[in-house]
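Chain by chain, the residues:
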Amino acid sequence: MIRILIILVFIQGFLVDLKSQSDFQNRHIYELIRDYYYLDIMPDSRYSLKVGMYLDRYVKGDYKINGDTLELIGFDFIETEYNLSENDKAFVKKGLSRFIIKDSLLFPIAYRDLAIPSRTMQRDSMIIREYMQNDGHVHFKLTFRADLTFRFSTSSDMDRHSTSGRWKQNNNMIQLIPDNSDNLLHWICTDYQLTMIENYLVGKTVDENDKVVEYQYLFGLKPTANK
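Residues numbered from 1 in each chain as written. Predicted model: local features only at pLDDT ≥ 70, side-chain atom pairs only at ≥ 80, totals over all residues. Heavy atoms only, no water.

**Remarks on a nonpolar patch on the surface**
On the surface, Tyr 54, Leu 55 and Tyr 82 cluster together into a nonpolar patch covering about 310 Å² of accessible area. You can see Leu 55 is positioned in the loop between strand S3 (46-51) and strand S4 (58-66). (Patch = residues over 30% accessible without salt bridge, like charges linked within 9 Å, V, L, I, M, F, W, Y side chains within 5 Å. Areas by Shrake-Rupley, 256 points an atom, 1.4 Å probe, with all protein chains shown as cover. Salt bridge = Lys/Arg side-chain N within 4 Å of Asp/Glu carboxyl O. Helix = DSSP H or I, 4+ residues; strand = E, 2+ residues; numbered from the N terminus.)

Now the structure itself:
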């Protein structure tokens, strides 16, 4: 009987570990150095990385897991009419080759501590946190204020939109309660729930079956230094 219990506990532990190692097998979206990166982690130890929001520029290869680290171990730059430059290829190999795994999320090790200056935080003392994605053409920005209100703005070269509301925090989870245009938030968090971890704010979008489709990583901003 004891032997059976030990076997069952081992199997349960193995299954839990297996699930934790597969939860990150989704799409992860980052904005780094003024470009968007779409990383798809697949069950067969393969990955696909799309560089940029509009052009068909792809990198494919294998990945391996070592403890809490995921590492891309092959870089097959797919030949298209929009090939990556040598500098872009070097950036992918250096800046997007290793990730820390935390709670189904993947954080690029080379950019764990990166914080981008924000002049709006210096001008408005009520702003306590800001997070952004911005490639120079399309941006998403979340601003949290001390009075527990938030503003989410999104813009492109053609238009801009925003929504506002209230927010509340429970440990590292932030819940958004929008006043208007709540559909705008579906770009970054279908369920209005965000995770504050590392120097990122991470939202997830889910489908009609409540299955995660992708994770969106917004960089934390910091006030600019007074001159």
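**Here's the deal with empty space enclosed by the protein**
Taken as a whole and judged by the stated rule, the model has one cavity of 30 Å³ or more. Of the volumes computed, that of the largest cavity is approximately 50 Å³. Looking at the largest cavity, the residues that line it are Arg 57, Tyr 58, Phe 77, Ile 78, Glu 79, Asn 83, Leu 84 and Lys 89. Grouping the constituent residues of the lining of the largest cavity by class yields four nonpolar, one polar and three charged. (1 Å grid on protein atoms, 1.4 Å probe; cavity = no way out; pocket = protein on both sides within 12 Å on 5 of 7 lines; lining within 4 Å. Points joined across faces, edges and corners; volume = space filled by probe spheres on them. Nonpolar A, V, L, I, M, F, W, Y, C, P; charged D, E, K, R; others polar.)

**Some words on the pairing of strand S17 (residues 212-223)**
With nine of 12 residues buried, S17 is to be regarded as a mostly interior element. When strand S9 (residues 116-118) meets S17, the two strands line up parallel, connected through three bridges. Of the residues in S17, the one forming a bridge with Ile 116 is Leu 221. Bridge count for strand S10 (residues 127-134) against S17 is two bridges, and the pairing is antiparallel. Each bridged residue has a counterpart across the sheet, and for Met 132 the counterpart in S17 is Phe 219. Counting the residues that bridge the hairpin from strand S16 (residues 200-206) to S17 gives five residues, and of these Asp 210 lies at a positive phi of roughly 65°. (Buried < 20%, exposed > 50% of the residue type's maximum accessible area, 1.4 Å probe, protein only. Pairing = 2+ DSSP bridges.)

**Considerations on the pairing of strand S5 (residues 69-72)**
Summarising the sheet, S4 and S5 pair through four bridges and their orientation is antiparallel. Of the residues in S5, the one forming a bridge with Lys 64 is Glu 71. Count of turn residues in the S4/S5 antiparallel hairpin: two residues, of which Gly 67 carries a positive phi of about 65°.

**Section: the pattern of salt bridges**
A pair can form between side chains of opposite charge whenever their charged atoms are brought close. On inspection of all chains with the given rule, the structure shows nine salt bridges. Where Arg 46 meets Asp 62, a salt bridge forms, and the shortest distance between an N and an O atom there is 2.9 Å. In this pair, Arg 46 is assigned in strand S3 and Asp 62 in strand S4, connecting sequence segments 16 residues apart. Each of the salt bridges in this network shares a partner with another, and the network as a whole consists of Asp 35, Arg 57 and Asp 88.

**So, unusual backbone geometry**
Look at Ser 104: it is not a glycine, yet its phi comes out positive at around 70°. If you trace the backbone, Ser 104 turns up in the loop between strand S7 (98-102) and strand S8 (105-108). Unusually for a residue other than glycine, Tyr 192 sits at a positive phi of about 65°. Mapped onto the secondary structure, Tyr 192 falls in the loop between strand S14 (173-178) and strand S15 (193-197).

**Regarding the nonpolar core**
Ranked by internal contacts, the top residues of the largest apolar core, which has 32 residues, are Leu 49, Leu 70, Leu 106 and Tyr 217. Tallying contributions element by element places S17 first for this core, with four residues. Beyond its immediate chain neighbours, meaning those up to four positions away, Leu 70 contacts Phe 24, Ile 41, Tyr 63, Lys 64, Ile 65, Ser 97, Arg 98, Phe 99, Ile 101 and Leu 106. In this structure, Tyr 38, Val 138, Trp 167 and Met 196 belong to the second largest nonpolar core, which totals 22 residues. (Core = buried A, V, L, I, M, F, W, Y, C linked by side-chain atoms within 4.5 Å. Contact = heavy atoms within 4.5 Å.)

**Considering the environment of Lys 64**
One can find Lys 64 in strand S4. According to the relative accessible area criterion, Lys 64 is partly exposed, its value standing at 42%. For the pair Lys 64 and Arg 46, spaced 18 residues apart in sequence, the C-alpha to C-alpha distance is 8.9 Å. Every residue in contact with Lys 64, bar those within four places of it in the chain, is listed here: Thr 69, Leu 70, Glu 71 and Ile 73.

**Quick word on the packing of aromatic side chains**
Under the defined criterion, the tally for this structure stands at 14 aromatic pairs. Ring plane angle 70° and centroid distance 5.2 Å describe the contact between Phe 144 and Trp 167, whose orientation is recorded as edge-to-face. Within this pair, whereas Phe 144 is found in strand S11 (residues 139-145), its partner Trp 167 is found in strand S13 (residues 160-170), the two being separated by 23 residues in sequence. Classification of Phe 144 by relative accessible area gives buried; the value is 0%. (Phe/Tyr/Trp six-rings, centres within 6.5 Å; stacked < 30°, edge-to-face > 60°.)

Coordinates in, geometry out; function isn't part of it.
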